[in-house]
Amino acid sequence: MFYKQLKEFPQDFLWSASTSAYQVEGAYNEDGKGLSIQDLHHPTNGITDFKVASDHYHRFKEDVALMAKLGLKAYRFSISWSRVLPEGKGEINEKGIEFYNQLINELIKCHIEPIVTIYHFDLPLALYNRGGWNNRETIDAFVEYSKILFERFGDRVKYWLTINEQNVMINHPNAMNPGKVPTKKELYQQCHNMFVASAKATILCHEIVENGKIGPAPNITAIYPEKCNPSDVIASDNWESIRCWLYLDIAVYGRYNSLVWAYLEEKGWTPTIEEGDMEVIEKAKPDYLGVNYYATATVAAAKNDGTDCQPRNGDQQIMLGEEGVYRAAQNNYLEQTEFGWMVDSIGMRVTLRRIYDRYHLPILITENGLGAKDVLTEDGQIHDDYRIDYLKRHFHQARLALTDGVDLIGYCPWSFIDLVSTHQGYQKRYGFVYVDREENDLKEMKRYEKDSFKWYQEVIKENGKNL
């Protein structure tokens, strides 16, 4: 579809940026915080852990001042469950509550809308040791935790996200399980339990938070068939349903995707669904959908000859392939980053169109960004023209999606500030703000504005008119 005139971004468009608690806060054992599973993460090859991160816990006022200077209309961040409830449930850590109160108040003072993710990969270790999401008690703990957040912060926070990238935790569980990786049967039980927990939190938000809006935040991407071979199309449908539609169909329609349920039955991986679960899931209605988008994926028909499992690089983009389901394929029309991630800005438009056509709910892009080896020059500059180019192209495709009729309410690039990349630490930077530290040398952790900071500042000021 080509247009003579593109629609403008809405005047109330939420130009934002994202972080997550465990990747940016540091202070992993201070002021009563309990341990999370991420505190057990010990990367290899000299990569840093999450114990100090970008020290946002101690420097949040400085960081919020930079957000204000950037001109952010909103800031999407997560709350550390174990900072609020050190044991995952029970006694509240008031010092943790106070930190988030101060952060939220500072944002409000700077006219920045807080967008809070309730759970972003950092399950309290105490809950994990009791079975984690395999244990239905974790559902009750999540509801208790959510209720505390709604009651303590709901007077100021109106935008909520339940669970970040639930589909990544199920499809790529290694980074989320410090011990033995669960079986597929266990993973889909965990998945179901998260569905129930998210639904209960959604209902609770609507009961407690006046004018509160809440939704999920999965990692969604259009899946392409490698060729116009109908078998490849079937494979792409398979993987798109398993990886994407399962999670949004549950959230929006309150039911399991029929193709995925048939897949689970075939594999013997159907979860135990207790009485009342589906009624709760059906009752919970999201107000909008958070979407983490980085790139599309391309698949081909499975060969079923024992060679379908072909690992690919790229964190969320890893595609293992599966006998009888799909085979990972290469898309030669796309570029790759230095870390092996595919770049597909047009794919963002494709993805947004597919989501909106399927669900007709407002969409918030909750993550999208470029990880790179940024270099601090001797005169304190970071020339990240590659990030500007990446975001410029993606912002343009977002505007095209708006013109296509997609109800896009905001855009939260990943990330506001350099933070710990799960697999590459500070070698792989995403932020508009540079943090002067290395893997094992904290230096002074001084903040520097990158060229992309100044560019995004102008984009926000002009409301995206001159992209």
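Below is a short write-up of the structure. Quantities reported herein were computed from a predicted structural model and do not represent experimental measurements. The numbers attached to residues start from 1 for each chain and follow its sequence in the written order. Thresholds applied to this predicted model are a pLDDT of at least 70 for local features of residues and 80 or more for the giving and counting of side-chain atom pairs; totals over whole chains, interfaces and linings are not thresholded and use all residues. Hydrogens and water are ignored here; the side-chain numbers use all heavy atoms of the structure.

### Section: the pairing of strand 13 (residues 408-411)
Definition in use: Strand pairing requires that DSSP identify at least two bridges connecting the strands. Strands here mean DSSP runs of E at least two residues long; helices mean DSSP runs of H or I at least four residues long; both are numbered from the N terminus. Here the term right-handed applies to a crossover when the path leading from its first strand over the helix to its second strand runs clockwise, the strands being oriented away from the viewer.
Relative to strand 13, strand 1 (residues 14-15) runs parallel, the two being bridged by two bridges. Along strand 13, the bridge assignment pairs L14 with G410. The pairing of strand 12 (residues 363-367) with strand 13 spans three bridges and is parallel. Opposite L364, over in strand 13, you have G410 as the bridge partner. What joins strand 12 to strand 13 is helix 13 (residues 385-403), and the crossover it makes is right-handed.

### Looking at the sheet that holds strand 1
Taken in spatial order, the four strands of this open sheet run 1-13-12-7, and their pairing is parallel. Of all strands in the sheet, those with a lone pairing partner are strand 1 and strand 7 (289-292), marking the two edges.

### Side note on the state of the cysteines
Rules: The disulfide criterion is simple: two cysteine sulfur atoms within 2.5 Å. For the exposure calls, accessible area comes from a 1.4 Å probe over protein chains only, and a residue counts as buried if that area is under 20% of its type's maximum, exposed if over 50%, partly exposed in between.
Overall, the coordinates contain zero disulfides when judged by the stated rule. The closest cysteine sulfur to the non-disulfide-bonded C205 is located on C412, 17 Å from its own sulfur. What makes C205 buried here is its relative accessible area of 0%. Here C244 stays unpaired: no disulfide links it, and the sulfur of C191, its closest cysteine neighbor, is 13 Å away.

### Concerning the nonpolar core
The cut-off we apply is this: Nine residue types can take part in a nonpolar core, namely buried Ala, Val, Leu, Ile, Met, Phe, Trp, Tyr and Cys, and a core is a set of them joined through side-chain atoms within 4.5 Å. The criterion used for residue contact is that any of the two residues' heavy atoms lie within 4.5 Å.
Of all hydrophobic cores here, the largest spans 134 residues; its most connected members are W81, F142, W160, F416 and Y456. Among the elements that take part in this core, helix 8 (residues 184-208) stands out by supplying 12 residues, more than any other. Every residue in contact with F142, bar those within four places of it in the chain, is listed here: W81, I118, Y119, W133, T162, I163, A197, S198 and A201. Counting residues in hydrophobic clusters, the runner-up holds nine residues, among them L14, Y159, A217 and C412.

### Points about the sheet that holds strand 9 (residues 327-328)
To be explicit about the condition: Helix axes use the C-alpha atoms of the stretch in contact, all axes being lines fitted to C-alpha atoms, and the angles between their N-to-C directions lie in the range 0 to 180 degrees.
As summarised here, the arrangement of the three strands in space is 6-8-9, forming an open sheet in which the pairing is mixed. Where the open sheet ends on each side, the last strands, each with one partner, are strand 6 (223-225) and strand 9. Pairing of strand 6 with strand 8 (residues 297-300) involves three bridges; the strand directions are parallel. Looking across to strand 8, one finds that I223 is bridged to A297. Where helix 9 (residues 230-253) meets the sheet, its contacts fall on strand 6 and strand 8, and the angle it forms with strand 6 comes to roughly 170°.

### Overview of helix 6 (residues 137-153)
Basically, it comes down to this: By this rule the span expected of a helix is its residue count minus one, scaled by 1.5 Å.
Between the first and last C-alpha of helix 6 there are 24 Å, a value that for 17 residues agrees with the 24 Å anticipated at 1.5 Å per step. Of the positions making up helix 6, those classed as buried are T138, I139, A141, F142, V143, Y145, S146, I148, L149, F150 and F153.

### A word on the packing of aromatic side chains
Heads up, the condition is: Here is the rule: rings of Phe, Tyr and Trp (six-membered ring for Trp) pair when centre to centre is within 6.5 Å. Planes less than 30 degrees apart are stacked, more than 60 are edge-to-face, and the remainder are tilted.
One pass over the structure, following the stated rule, counts 34 aromatic pairs. Geometrically, the ring pair formed by F60 and F99 is edge-to-face, given 5.5 Å between the ring centres and 90° between the ring planes. Of this pair, F60 sits in helix 2 (residues 56-70) while F99 is found in helix 4 (residues 94-109), placing the two residues 39 residues apart along the sequence. Using a relative accessible area of 3% as the deciding quantity, one classes F99 as buried. Ring plane angle 85° and centroid distance 5.8 Å describe the contact between W81 and Y119, whose orientation is recorded as edge-to-face.

### Points about the environment of H394
Tracing the backbone through its elements, the reader meets H394 in helix 13. Remark: the alpha-carbon pair of H394 and Y456, spanning 62 residues in sequence, is separated by 13 Å. Once residues lying within four places of it in the same chain are set aside, the contact partners of H394 are Y293, Y294, V343, D344, S345, M348, N368 and Y411.

### Overview of the packing of helix 12 (residues 345-359) against helix 13
Keep this limit in mind: Small angles under 35 degrees read as roughly parallel and large ones over 145 as roughly antiparallel, with 65 to 115 read as roughly perpendicular and the rest as oblique. Whether a crossing is left-handed or right-handed is set by the direction in which the near helix is turned from the far one by less than a right angle, anticlockwise for left-handed and clockwise for right-handed. Charged residues are taken to be Asp, Glu, Lys and Arg, nonpolar residues to be Ala, Val, Leu, Ile, Met, Phe, Trp, Tyr, Cys and Pro, and polar residues to be all remaining types, Gly included.
Running from N to C, helix 12 and helix 13 point in directions that differ by 30°, and their axes come no closer than 8 Å. For the element pair helix 12 / helix 13, the angle class is roughly parallel. Of the two possible hands of crossing, helix 12 and helix 13 adopt the one that is right-handed. Contacts between helix 12 and helix 13 involve S345, I346, M348, R349 and L352 from the first element and R393, H394, Q397, A398, L400 and A401 from the second. Residue composition of the contact of helix 12 with helix 13, by class: six nonpolar, three polar and two charged.

### Some remarks on unusual backbone geometry
Here W414 and S415 are connected by a cis peptide whose omega angle stands at 10°. With respect to the helices, strands and loops of the structure, S415 is situated in the loop between strand 13 and strand 14 (433-435). You will see that E165, though not glycine, has its phi angle at about 45°, which is positive. The topology assignment puts E165 in the loop between strand 4 (159-164) and helix 7 (166-171). Overall, E165 belongs to the buried group, its relative accessible area being 1%.

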